[in-house]
Amino acid sequence: MTRPARLTLTELNALSADAFAAHFGGVLEHSPRYAAQVAAARPFPDAEECAQAFMTAARSGTPDEQLALIRAHPDLAGKAAHAGELTPESASEQASAGLDRLNADEYAEFHRLNAAYHDRFGLPFVVCVREHDKGSIFRAARERLSNTPEQERGAALHEIGRIARLRVLDLIDASPTHSTGGPMTDPTPSDSTVTQSASTPAPVKVRLGSNNYGKADVRLFKVYRDQPGQPQGRHDIKDVWVRVGMRGDFDAAHEIGDNTGLVATDTVRNTIYALARDHLTGSVEAFGKDLIRHFVSSGPRVSGAYATFTEHLWDRLPDPASTGGHDHAFVRQMPKRTARVDGDGQTFTVESGIDELFILKTTQSGWAGFHRDTFTTLPDTTDRILATTVTARWTYLDAECDYDAVWAEVYRTLLEVFPDHYSHSMQHTLYRLGEAVLTRCPDIERIHFSFPNRHHIPYDLARFGIENGGTIFHADAEPYGVIEGWVERA
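Since this is a predicted model, take the numbers as computed values, not measurements.

Helix and strand counts for the protein come out as 16 helices and 12 strands. Taking 490 residues into account, the globule formula puts the C-alpha radius of gyration at 23 Å, and the protein, at 30 Å, lies well above it. Dimensions of the protein, computed from C-alpha atoms along their principal axes, come out at roughly 95 × 70 × 55 Å. For the protein, the residues scored as buried account for 44% of the 490 residues in total. Excluding contacts between residues fewer than 6 apart, the proportion of contacts in the protein whose partners are at least 24 apart in sequence is 69%.

Next up, the structure:
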């Protein structure tokens, strides 16, 4: 089967809907219905506009239609390629990257990666191979295996858009013409033009990788006045710094400066404040889902988004007249609550956390029995100050749960378990805390800790004739050890 002849813009704009669909039926793999959809958007002023219409169409379907489009693509160097059953477009593209000339080791690696993709995502690995070589395809496949299912669906649709763009440009004769319709010829260059051309490097071949944009450091403060069940005049507050990033079909904005369909970041900021009025009624995680739903549904080119939160916690000031604290005066507390919500408006991944939790114990901690070599100067100790600033984040077994209750239980667990044991090392305490959190919080899948070791070093008073007696320490700022790790359900 030979590829259709290239048509001029005048010709393709004049085609019947059926003829247009036939000419561009192979642009989106085994999905000719999209060509009929694009035909209705004519006339196109240039080839890139036609290509953009196909890229938009690829993202315009329902989640099920998007998955069907992704699954219509063949595995790279897979069974269809081996059996000669690829479409002409896919066969040519895979050959362009040398995937029809793999050695045994390369073929085995593709087989392994394809199997891993199907196991993790239930999808083929889709990439615009014409913008890659074998090595970069392998690298991209390994990197994308760490994506969430939502992120991978967005990445696959992005690559399908890139594939579609190149296929459309293959089918259009975009040669510039004079107003008379004849081919345009370049004038004979002047000497100065030749000199400039010779000294200017030729443009390198590039492609747009993963990208997003949005608004950061949106400082949102909400006062909850006269809530149901609360006495008249009693207030609650929520103090949150918000960041939103949107993903989608933003290629034209980057590549040719076309901002059509893009949401302004100023609009993102305004939307966060406006939606907080009626939607920020519970956890920041739930509010994040509402923000993502809004941007995906209202942004013409937005296919997914994330929202991150840093919540500053406040407690009530004491009130001599009330055991419940002051009705409308507050003091900021030590730890911060953090969260990240990512999704496509239908499904979400949620991560919650704690930051800037300063904890310390003055005994029941040591560091001994460690490896020694030529450069070791630190002595063993079985009694030291153990101090750290906890940064923790965790993921959920189910994206729907009582996030406020889980956060409170994690916080309570950290405070209760940190002092309840002799710590042989910060690593030992990290594991014990993780085990306790997963035991007490069945909604949590795994938890990550980062523990900078805030060293407190006994200060040498003997040189002044003074006995220290384990009372005076220098709180050393840097350099410091840092211990990090995940604790996961087995």
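Quick look at a nonpolar patch on the surface now. Where nonpolar side chains cluster on the molecular surface, the patch consists of Tyr 459, Phe 464, Ile 466 and Ile 472 and spans about 390 Å² of accessible area. Structurally, Ile 472 is set in the loop between strand E10 (456-458) and strand E11 (473-475). Residue Ile 472 is classed as partly exposed on the basis of its relative accessible area of 41%.

In this section: the packing of helix H5 (residues 63-71) against helix H10 (residues 149-170). Running from N to C, H5 and H10 point in directions that differ by 60°, and their axes come no closer than 10 Å. Classed by the angle they form, the pair H5 and H10 counts as oblique. Handedness of the crossing formed by H5 with H10: left-handed. On H10, the residues that touch Pro 63, Gln 66, Leu 67, Leu 69 and Ile 70 of H5 are Arg 153, Ala 156, Leu 157 and Ile 160. When grouped by side-chain class, the residues that make up the contact of H5 with H10 number seven nonpolar, one polar and one charged.

What follows covers the pairing of strand E4 (residues 235-248). The buried fraction of E4 amounts to 10 of the 14 residues, a majority that puts the element mostly inside the structure. Of the pairings in the sheet, the one linking strand E3 (residues 213-225) to E4 comprises 11 bridges and is antiparallel in character. Residue pairing across strands places Tyr 213 opposite Met 246, the latter belonging to E4. Bridge count for E4 against strand E5 (residues 302-316) is 10 bridges, and the pairing is antiparallel. Among the inter-strand pairings, Trp 241 is bridged to a residue of E5, identified as Thr 310.

Under the criterion given, the structure shown has 37 salt bridges. Asp 342 is paired through a salt bridge with Arg 247; the nearest N and O atoms lie 2.9 Å apart. Highlighted residues: Asp 342 in strand E6 (residues 330-343) and Arg 247 in strand E4, separated in sequence by 95 residues.

Turning our eyes to something else, we now look at the environment of Ala 264. Tracing the backbone shows Ala 264 in the loop between helix H12 (251-256) and helix H13 (265-279). Once the C-alpha coordinates of Ala 264 and Ser 297 are considered, the two residues, 33 residues apart in sequence, prove to be 15 Å apart.

Glancing now at the packing of H13 against helix H14 (residues 284-298). Closest axis-to-axis distance for the H13/H14 pair is 10 Å, and the angle between their directions is 130°. It follows that H13 is oblique to H14 by the angle criterion. For the pair H13 and H14, the crossing hand works out as right-handed. When H13 is examined against H14, the residues Val 268, Thr 271, Ile 272, Leu 275, Ala 276 and His 279 are found in contact with a partner set consisting of Phe 287, Asp 290, Leu 291, His 294 and Phe 295. Classifying every residue of the contact of H13 with H14 by side-chain character gives seven nonpolar, three polar and one charged.

A few words on the side chain of Lys 361. Here Lys 361 shows up in strand E7 (residues 348-361). Buried charge Lys 361 goes without a salt bridge, the closest partner of opposite sign being Asp 420 at 6.5 Å. In terms of polar contacts, Lys 361 uses its side chain to reach the backbone carbonyl oxygen of His 421, at 2.7 Å. In contact with Lys 361, not counting residues within four places along its chain, are Arg 384, Ile 385, Leu 386, Phe 418, Pro 419, His 421 and Ser 423.

Time to look at H13. Over its 15 residues, H13 runs 20 Å from end to end, which matches the ideal 21 Å to within 8%, given 1.5 Å per residue. Turning to H13, its buried residues are Val 268, Thr 271, Ile 272, Leu 275 and Ala 276. The buried residues of H13 occupy an angular sector of 135° when the element is viewed end-on, so they sit on one face. Looking at H13, the residues exposed on the side facing more than 90 degrees away from the buried face are Ala 274, Arg 277 and Asp 278. Check the buried side of H13 and you find it contacts E3, E4 and H14.

Before going further, it helps to spend a moment on the nonpolar core. Among the nonpolar cores identified, the biggest contains 59 residues, and Met 246, Leu 291, Phe 309, Trp 394 and Val 410 are the most heavily contacted of them. Setting aside chain neighbours within four positions, we find Phe 309 in contact with Val 240, Trp 241, Val 242, Val 284, Phe 287, Gly 288, Leu 291, Arg 337, Thr 338, Ala 339 and Val 341. Counting residues in each nonpolar core, the second largest holds 49 residues, with Ala 51, Ala 53, Ala 140 and Ile 160 among its members.

To continue, consider helix H16 (residues 426-440). Here H16 is 15 residues long and its end C-alpha atoms lie 21 Å apart, about the 21 Å a rise of 1.5 Å per residue gives. All buried positions along H16 are accounted for by Met 426, Thr 429, Leu 430, Leu 433, Gly 434, Ala 436, Val 437 and Leu 438. Buried residues belonging to H16 abut strand E8 (386-396), helix H15 (403-417), strand E9 (444-453) and strand E12 (481-488).

About the criteria used
- Residues numbered from 1 in each chain as written.
- Predicted model: local features only at pLDDT ≥ 70, side-chain atom pairs only at ≥ 80, totals over all residues.
- Heavy atoms only, no water.
- Helix = DSSP H or I, 4+ residues; strand = E, 2+ residues; numbered from the N terminus.
- Rg over C-alpha atoms; globule rule 2.2 N^0.38 Å.
- Buried < 20%, exposed > 50% of the residue type's maximum accessible area, 1.4 Å probe, protein only.
- Contact = heavy atoms within 4.5 Å.
- Patch = residues over 30% accessible without salt bridge, like charges linked within 9 Å, V, L, I, M, F, W, Y side chains within 5 Å.
- Areas by Shrake-Rupley, 256 points an atom, 1.4 Å probe, with all protein chains shown as cover.
- Salt bridge = Lys/Arg side-chain N within 4 Å of Asp/Glu carboxyl O.
- Axes fitted to C-alpha atoms, helices over the stretch in contact; angles between N-to-C directions.
- Parallel < 35°, antiparallel > 145°, perpendicular 65-115°, else oblique.
- Left-handed = near helix turned anticlockwise from the far one by under 90°.
- Nonpolar A, V, L, I, M, F, W, Y, C, P; charged D, E, K, R; others polar.
- Pairing = 2+ DSSP bridges.
- Lys, Arg positive; Asp, Glu negative; His and termini not counted.
- Polar contact = N/O pair within 3.5 Å; in protein donor to acceptor, adjacent residues only side chain to side chain.
- Expected span 1.5 Å × (residues − 1).
- Arc of directions from axis to C-beta.
- Core = buried A, V, L, I, M, F, W, Y, C linked by side-chain atoms within 4.5 Å.

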